[in-house]
Amino acid sequence: MITDADGTYPEQKIGELLACVDDGAEMAVGARVGSEVHIPLVRRPAKAFLRRLASYLAGADIPDLNSGLRAIRRDLVMRYRPILPQGFSFTTTITLAALTNDHRVDYVTIDYAKRSGSSKIKPIRDTLGFTALIVRTVMYFNPLKVFYPLGAMLAVLLAGSLYYDVFVVSPPNLSDKSVFLFVGVVQVLSVGLLADLIEKRSRL
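Residues numbered from 1 in each chain as written. Predicted model: local features only at pLDDT ≥ 70, side-chain atom pairs only at ≥ 80, totals over all residues. Heavy atoms only, no water.

Novice: Quick rundown of the pairing of strand β1 (residues 27-37)? Include the residues and the values.
Specialist: Two faces belong to every sheet, and in a regular strand the side chains alternate between them. In this sheet, strand β2 (residues 70-72) lies alongside β1 in antiparallel orientation, the contact comprising three bridges. If you follow M27 over to β2, its bridge partner there is I72. (Pairing = 2+ DSSP bridges. Helix = DSSP H or I, 4+ residues; strand = E, 2+ residues; numbered from the N terminus.)

Novice: Please set out the environment of T127 residue by residue, giving values where relevant.
Specialist: With respect to the helices and strands, T127 occurs in helix α5 (residues 123-141). Each C-alpha atom of the pair T127 and K47 lies 8.0 Å from the other, and the pair is 80 residues apart in sequence. Among residues more than four places away in sequence, those in contact with T127 are A46, L50 and K122. (Contact = heavy atoms within 4.5 Å.)

Novice: With reference to specific residues and values, describe helix α4 (residues 89-100).
Specialist: If you check α4, its first and last C-alpha atoms are 16 Å apart, about what 12 residues at 1.5 Å a residue would give, namely 16 Å. Taken across its 12 residues, α4 has 11 buried, putting it largely inside the fold. Within the span of α4, buried status applies to F90, T91, T92, T93, I94, T95, L96, A97, A98, L99 and T100. Following α4 by one or two positions, D102 adopts a phi angle in the positive range, close to 60°. (Expected span 1.5 Å × (residues − 1). Buried < 20%, exposed > 50% of the residue type's maximum accessible area, 1.4 Å probe, protein only.)

Laid out in structure tokens, this is it:
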């Protein structure tokens, strides 16, 4: 059982979280989506972006990505201990690791009170850091979730470039840009498939 010591989380919800774990969940998270949630406005856009990005990459709806109030089975933590970082990133990493590997994660709606003291979060630096962490963690377990969208984006650019080279330019001429985009598509998809094979083999 973990929580913060700044007075923000409702400890009276611990019983509900433990009940979820007793019922078979491997992790129960206090989702800060109640009627009284005091998160500074300056941090809300970044949190919403990170939550949507993580939900897409993990393939599951994540009401709260890094809530500090949660009950976790020890076996779940020990299984992923080699990749779990220190500090704030622990909750994000264990959430993504659990969801991308089909562990049962339950959410309990909670309120979030005003903080006692100052936050150590740096909005710009930590948002960039969390974005990199989310992408890296999902790539560790499901690399195609990252490489396929990137390859698709390059393929769209390639199609647009080829259309311009063939139908707009007179006489038609294959540009260096189209060649580079084609090579980029092939490389991204090749690396993605290789990463996926390595990930699948590591599970054997």
